[in-house]
Amino acid sequence: MPEAKELIRTPAMALTFTVRRREPELVGPASPTPRETKRLSDIDDHETLRGQVPIIFFYRGGPRAATADPAGVIRRALGEALVPYYPVAGRLREVEARKLVVDCTGEGVMFVEADADVRLAELEVAGLMPPFPCVDQLLFDVEGSGGVLNCPLLLIQVTRLLCGGFVLALRLNHTICDAIGINQFLSAVAELARGLPAPTVAPPWSRELLEARNPPRPSFIHPEFDVVPPPPPGDMVTRTFTFGPSVVNAIRKLGLPPSLQDTATTFEVLTAALWRARTAALELSPGEDVRLALICNVRGLPELGLPAGYYGNAVVSADVLATAGSLLAGSLGDAVELVRQAKATVTAEYVRSTADMLVLRGRPRVAMSNMFAVSDNRRTGFYGVDFGWGVPVFAGPSCAMFWGSFILAVRNGDGEDAAALPIMLPRPAMDRFALEVERLVKG
């Protein structure tokens, strides 16, 4: 994990380098696979997930760098992994009522091999957290590959560095899997790259387990799918804010009552605190609605019956709706309680209700106006993906969105486990947000 300052990371230092890419190629399954059509689940299939998600891994290299080429090793292993994961090599199309299906054509995923005239140490000095320098060169947008329908479901670029390290960057069609699912796929590629005869986790499809009921009968209100226009575009900037254990404990002691100081999790504390700080920084009128969306993994709900190795989207949004005035007039403890209440609503019935509502409303996008969505990526397993050159020094999403953020696992300057959140805000609001974060710690 990368070294990080205890609280706030300054914007990345200026760094430019040249990347030389070979022609993109399609990598298909290494042996014949079934030619069939598979339906996505109704949790996979809604407008919010119809897009591409970038993820990036940085590797040091090590002794193997002198004897093996990471691009060649990963390309070979990718083809082998696409045999059990053959739907990933297919293409999406729509059938009745905009329902997405995968045509398992075996056409393959997009692969780009590249070299960069930069060393990992230089990238570390510039900052191995979003926003990354020259990220558009480390993950090149191959023409015709960025759509949802009839496009590759995965784009991977492996870029060799001068020091023997390398960068693996990918862009994933989010409808095919979530963060845990893509980590499982990459782990399978990594196992095959290290010489294992087969992946240790079998990948069942089982998407029918998260289909809407017939007829759909939602039992929750689901304000997350209200028809609310998205915010207008503006001059946005991204900064990453890092919170080590001492900072999180300071926020607990300064902002929470004794009854919550020992029981509130880091996720609950940071989510509640940053939601309030972000709301204050945006200077919304007191009567405006603000939304918090908690992206919750539901694999652990036994009533759903999801099998081990399920790699589809198994997440739902648990939402909190408040006014800006009430959120800021209340305490941090009040906000933590709202977060806890939202988490407690996520039952198997809530998941089924979500699928039902998505179908009834025509698979809508979540309401993004004044929304702050938080997804905890610290336990996805990204830092365990070892292609044979050791574990990554950074692994996680390579960008932030105005309407949401990820909690990333990093290490602070003392070598302690810490949490980092890349935040995107309009430029004036970012300065105010940084001041709000400082106040959290100083009281």
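Owing to the predicted nature of the structure, the values given are computational and were not obtained by experimental measurement.

A. Expanded view of the packing of aromatic side chains. Overall, the coordinates contain 13 aromatic pairs when judged by the stated rule. Ring geometry for F166 and W389: centres 5.5 Å apart, planes at 80°, overall edge-to-face. Of this pair, F166 sits in strand β10 (residues 166-173) while W389 sits in the loop between β14 (371-376) and β15 (394-397), placing them 223 residues apart in sequence. Classification of F166 as buried rests on a relative accessible area of 0%. W389 sits in the buried class, given a relative accessible area of 5%. Ring plane angle 75° and centroid distance 6.1 Å describe the contact between W205 and Y311, whose orientation is recorded as edge-to-face. Of the two residues, W205 sits in the loop between α4 (179-193) and β11 (236-243) while Y311 sits in the loop between β12 (289-297) and β13 (315-323), which places them 106 residues apart along the sequence. Overall, the relative accessible area of 2% leaves Y311 in the buried class.

B. Region of interest: the pairing of strand β5 (residues 52-59). The element β5 is largely enclosed, with a buried count of seven among its eight residues. In this structure, β5 lies alongside β10, joined through eight bridges in antiparallel fashion. Its bridge partner lying in β10, F57 is registered against L168. When β5 meets β15, the two strands line up antiparallel, connected through four bridges. Opposite F58, over in β15, you have F394 as the bridge partner.

C. Layout of the state of the cysteines. Applying the stated rule across the entire model yields zero disulfides. C177 forms no disulfide, and the closest cysteine sulfur to it belongs to C104, at a distance of 14 Å. By relative accessible area, C177 is classed as buried at 3%. Take C296: it sits in no disulfide, and the sulfur closest to it among the cysteines is that of C177, at 19 Å.

D. Geometry of the packing of helix α1 (residues 70-81) against α4. Running from N to C, α1 and α4 point in directions that differ by 120°, and their axes come no closer than 8 Å. Comparing their axes, α4 and α1 come out oblique. Our pair here, α1 against α4, has a crossing hand that is right-handed. Contact with α1, carried on its side by V73, I74, R76, A77, L78, E80 and A81, involves F185, V189, L192 and A193 of α4 and no other residues of that element. When the residues that make up the contact of α1 with α4 are grouped by side-chain class, the tally is nine nonpolar, no polar and two charged.

What counts and what doesn't
Residues numbered from 1 in each chain as written. Predicted model: local features only at pLDDT ≥ 70, side-chain atom pairs only at ≥ 80, totals over all residues. Heavy atoms only, no water. Phe/Tyr/Trp six-rings, centres within 6.5 Å; stacked < 30°, edge-to-face > 60°. Helix = DSSP H or I, 4+ residues; strand = E, 2+ residues; numbered from the N terminus. Buried < 20%, exposed > 50% of the residue type's maximum accessible area, 1.4 Å probe, protein only. Pairing = 2+ DSSP bridges. Disulfide = S-S within 2.5 Å. Axes fitted to C-alpha atoms, helices over the stretch in contact; angles between N-to-C directions. Parallel < 35°, antiparallel > 145°, perpendicular 65-115°, else oblique. Left-handed = near helix turned anticlockwise from the far one by under 90°. Contact = heavy atoms within 4.5 Å. Nonpolar A, V, L, I, M, F, W, Y, C, P; charged D, E, K, R; others polar.

So far we have only geometry, and geometry alone does not tell us how the molecule works.
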